[in-house]
Amino acid sequence: MNRIDRVSAILIQLQSRRVVKAVDIAERFNISLRTVYRDVKTLEEAGIPIIGEAGVGYSIMDGYRLPPVMFTREEATAFLTAEKFVEKMTDASTAEHHKSAMYKIKAILKTAEKNLLEDIDTKIEVLKSHSQLRIDNKDHIQTLLNSIAQKKVLTIDYFANHTQEHTNRNIEPIGIFYKDSYWHLIAFCRMRNDYRDFRIDRINRISVTDITFNSKHPTLKAYIAQTAREQELDLVMIRIDKSIYCHLEHQKYYSGFVSEKTIGNQVEMTFLTSSLEGFARWFMMFGDRAEIISPDSLKERVSDIASAIIQKNLQLSNSY
């Protein structure tokens, strides 16, 4: 990227956030801090009212606005691609807001770019696989995001799957994330006095209270990283025949897949699993074409399950 394009991109980055740290700019463009200072000075000399505070970062003076930014063709098609994902992976309200934003983006595009998007719109599609469930998020996502931004306490009617019970809870929302077909909400539950992971599709009703919380909560990223470290995971190694590998290529990710390597006519696969019981039952679907390297406890559990199946079916045969 030449210097003119980089300085323009830095200006856009400064407009995108309230405060931008010099180190963030340096990391994004792979430049030194000295180069960042020089580029920012260039913007200041061009009349951009930039406020810089040592140890804090740069910001643009309130009230200063620039004309609409023109998007490149590649940026516009990236927005269009994202729209397809939003439509299929979120909920109705979020998809509608994104569509409204896309109208505004298209409004400032040149005629050639508008024609390009109209032409390519029918050539991009996002399809859900058979393993990806169709989940009803009950149009909660925007309510949750607004409450997170405003630090508003929420009252939810939640269905807990492990107890099969509905509970009413007051929570302090921290953030949401998407994993394995489901959207999750991380929040501080005032009833449990601890942090909880709520599946959004299990939130039946939600209401925003007038209560603002000022508690210092960890960021979503920090919370997820911490819980991952605290979670006890078992290391599993198996070998499978190459002839059945194609049947496991997508399933492996749901069982904690880490890595794999080819050894002769077999593929050695490594997993980190939170449930040896669940892994044992998954393994039995293809166990006739595979072997367990470790741990021994997994071998024993698979053997026990197999013995129980044989015993049960022998009893059933004798009873007929």
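In the block above lies the structure referred to throughout.
Overview of the structure.

What counts, and at which threshold
Residues numbered from 1 in each chain as written. Predicted model: local features only at pLDDT ≥ 70, side-chain atom pairs only at ≥ 80, totals over all residues. Heavy atoms only, no water. Core = buried A, V, L, I, M, F, W, Y, C linked by side-chain atoms within 4.5 Å. Buried < 20%, exposed > 50% of the residue type's maximum accessible area, 1.4 Å probe, protein only. Contact = heavy atoms within 4.5 Å. Axes fitted to C-alpha atoms, helices over the stretch in contact; angles between N-to-C directions. Helix = DSSP H or I, 4+ residues; strand = E, 2+ residues; numbered from the N terminus. Parallel < 35°, antiparallel > 145°, perpendicular 65-115°, else oblique. Left-handed = near helix turned anticlockwise from the far one by under 90°. Nonpolar A, V, L, I, M, F, W, Y, C, P; charged D, E, K, R; others polar. Pairing = 2+ DSSP bridges.

**Topic: the nonpolar core**
The nonpolar side chains of a soluble globular protein tend to be buried, and buried together.
Inference 1: Core analysis: the largest hydrophobic core is formed by 19 residues, its most contacted members being Ile238, Ile240, Phe279, Phe283 and Phe286.
Inference 2: Once residues lying within four places of it in the same chain are set aside, the contact partners of Phe279 are Val236, Ile238, Ser255, Phe271, Thr273 and Leu298.
Inference 3: Among the nonpolar cores identified, the runner-up in size contains 18 residues, and Ile10, Leu14, Ala22 and Val36 belong to it.

**Considerations on the packing of helix α1 (residues 3–16) against helix α2 (residues 22–29)**
Inference 1: Interaxial distance between α1 and α2 falls to 11 Å at its minimum, and their mutual angle equals 135 degrees. Our classification of the angle between α1 and α2 gives oblique. In terms of crossing hand, the pair formed by α1 and α2 is right-handed. Between α1 and α2, the contacting residues are Arg6, Ala9, Ile10, Gln13 and Leu14 on the first element and Asp24, Ile25, Arg28 and Phe29 on the second.
Inference 2: Of the residues in the contact of α1 with α2, the class split is 5 nonpolar, 1 polar and 3 charged.

**Structural notes on the sheet that holds strand β3 (residues 152–160)**
Inference 1: Within the open sheet, the 5 strands sit side by side as β6-β5-β4-β3-β7. Their pairing is antiparallel. Across the chains shown, the open sheet's two edge strands, defined by having one partner strand only, are β6 (194–199) and β7 (203–212). If you compare each strand with its neighbour and ignore which way they point, the axes differ by 45 degrees on average.
Inference 2: Bridge count between strand β5 (residues 182–189) and β6: 6 bridges; the pairing is antiparallel. For Ile186, the partnering residue across the bridge sits in β6 and is Asp197.

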